[in-house]
Amino acid sequence: MNEQRFKKEERLSHKKDITLLFSQGKSFFVTGYLIKWKIAGNPLPSPVQVLITVPKRNFKKAVDRNTIKRKIKEAYRNNKKPLYELILQKGVHLQLGIVYTGKRMPTYNEVEEKILLILRQAKKEYEKSVS
RNA sequence: GGAGCAGAUUAUCCUGUCGCACCGGUUUUUCCGGUGAGGAAAGUCGGGACACUGCAGAGCACCAUACUUCCUAACAGGAAGGUUUCGGGUAACGCCGAAAACAGCCAGUGCCACAGAAAAUAACCGCCCCGCAUGGGGUAAGGGUGAAAAUGUGAGGUAAGAGCUCACGCGGAUGUGUGGUGACAUGCAUCCGGGGUAAACCUUAUGGAGUGAAAGGCCAUGUAUACCGGGGCUCCGCUGAUGCGGAUAAGGGCUGCUCGCCCAAGCCCGGGGGGUAGGCCGUAUGAGGUUGCAGGCGACUGUAAUCCGAGAUAAAUGACAGGACAUGACAGAAUCCCGCUUAUCGAUCUGCUCUGUUU
RNA sequence: GCCGUUGUAGCUCAGGGGUAGAGCACUUCCUUGGUAAGGAAGAGGUCAUGAGUUCAAAUCUCAUCAACGGCU
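Residues numbered from 1 in each chain as written. Chains lettered and ligands numbered in written order. Predicted model: local features only at pLDDT ≥ 70, side-chain atom pairs only at ≥ 80, totals over all residues. Heavy atoms only, no water.

Undergrad: I'd like a rundown of the overall build of chain A, residues and numbers included.
TA: From N to C terminus, chain A includes four helices and four strands. Starting at the N terminus and walking to the C terminus, you meet the elements of chain A as α-β-β-β-α-α-β-α. Here chain A has a C-alpha radius of gyration of 14 Å; the compact-globule value for 131 residues is 14 Å, and the two agree. Counting only C-alpha atoms, chain A reaches 40 × 30 × 25 Å along its principal axes. Burial analysis of chain A (131 residues in total) assigns 40% to the buried set. (Helix = DSSP H or I, 4+ residues; strand = E, 2+ residues; numbered from the N terminus. Rg over C-alpha atoms; globule rule 2.2 N^0.38 Å. Buried < 20%, exposed > 50% of the residue type's maximum accessible area, 1.4 Å probe, protein only.)

Right, dumping it as structure tokens:
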């Protein structure tokens, strides 16, 4: 599989899964971001399913929410490879929710920096809970 | 030439790498090709299409609209016109521009703070008459208060005054002539002249069921029990019986109310198939766009040719690098259309205002 | 996406055409050895914003903005 891709199977799209993730999932913070994560009970179509959200409360305009989501998606797509390798090795799948809680419009470089931090932290948490 | 305001049109482009959604091909997990947000997609303010639900009927209530004619599927939209008001201009008209929720306070009711004598059948001061005076009466010319105080000018008239009378105006009602499809304009006759307010209640005229794609249809899964039909169910009469006819009425339904109409609980039998999660349809060829011709002052209509231009379901257009002078404004489709309103960088055009220079 | 409600003092709310109010909170003074309670006085408002109707608008009408709620 081409690890640069970001198909629909890699996105968390079922409503039930989303409510479960937010009610039962564990969480950690990286400045400006809230991360929800949960070990999947059953195998998923993809090693990781991810959900990206920007709250309407902080950004009233749909255009702004769209651009932030696209930037996060782009940064995730370009940097997800190490996490995937780890999970394929362990064989237990993961569900992930990324919420942007900042109040102002970030640039792409800022987003990428934070996403790298988030992925590193997620790897650590995953390793701890699997072993 | 510059600045400001208002309106209209337009809404950056190209190359490379990686990536997203849909469609088609190839084929079975890859590759190739095509297409991929807006003028407002926004606000959800009007109006429809479409879908389901409801509906015996009448009255009241409620809601909406409100100069005329036309356009439109329809509208609180648009076009052309009328009237009024405001501004410019003129000696004055004519004229030019802008705006208007622009039916009716001559149907009724209510309200009009403060001030003022009085805020709607007005007497405080003043004026005049009677009277020694207190006081009584007449009077809306003059004063002052107020947002608003009783049709203007002149003459007659009178104790003083007053549409009290007359002339010419102003405003209105009724009848009628002329022009216009009509709003209306204009002429004549008669009558009237005690305000404003209907975005106060209201009157008149016209129109009006409700819910929105989370509507709704189908499939698969499949069970509470909604719903439907029959039996049974209060009293009376007729009948041998089945059955038929009548009466009573709590309650429920029919748009909020009234009239009026309709239904008949629990229980048994049969039919039937809700919710949740999922898939398909609805769903993108339409009141469609472009161009030509014809009709119309115009909005628009007719006709011919031609084109197909997003379609997701947690939701697709992005990131990076480079170039053209630059990062470009407001801003992201979710059933679909027609309007309205609001937001908007730069450029172009039109109109108005101010100002500099040249002739 | 669709439907609806509300914006008035620092907070919670009245007022529905005629000089903007109540309770709590705040400030000063009295009372007390001191504090609380109590009493007296005071300050604090673009009535969300912009137009319109009216002599006059927080109130009536329209537009805009913001906050909140309901429908899966």
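Undergrad: Kindly report on the protein's contact with RNA strand B, identifying the contributing residues and their values.
TA: Surrounding RNA strand B, one finds 20 residues, the nearest of these being Lys8, Lys61, Asn66, Arg70 and Glu74. Counted by atom, the contact set of RNA strand B within 4 Å of the protein is 86% sugar and phosphate. Here a phosphate oxygen of RNA strand B sits 2.9 Å away from a polar atom, N or O, in the side chain of Lys61. Interatomic distance of 3.4 Å between a backbone N/O atom of Val63 and a phosphate oxygen of RNA strand B. At seven residues, the largest contribution of residues to the surface near RNA strand B is made by helix H2 (residues 62-79). (Near = heavy atom within 4 Å. Polar contact = N/O pair within 3.5 Å; in protein donor to acceptor, adjacent residues only side chain to side chain.)

Undergrad: Explain H2 to me, and be specific about the residues and the numbers.
TA: When the terminal C-alpha atoms of H2 are compared, their 26 Å separation across 18 residues agrees well with the 26 Å that a helix rising 1.5 Å per residue should span. In this structure, the buried side of H2 is in contact with strand S2 (33-39), strand S3 (48-53), helix H3 (81-90), strand S4 (94-100) and helix H4 (108-130). (Expected span 1.5 Å × (residues − 1). Contact = heavy atoms within 4.5 Å.)

Undergrad: So what's going on with the nonpolar core? Residues and values would help.
TA: If you look at the biggest cluster of nonpolar residues, it comprises 29 residues, and the most contacted ones within it are Tyr33, Ile72 and Ile115. Secondary structure elements with two or more residues in this core: strand S1 (26-30), S2, S3, H2, H3, S4 and H4. Looking at this core, the element that brings in the most residues is H4, giving six residues. Setting aside anything within four residues of it in sequence, one finds Ile72 in contact with Tyr33, Ile52, Ile98, Tyr100, Val111 and Ile115. (Core = buried A, V, L, I, M, F, W, Y, C linked by side-chain atoms within 4.5 Å.)

Purely geometric numbers; function is a separate question.
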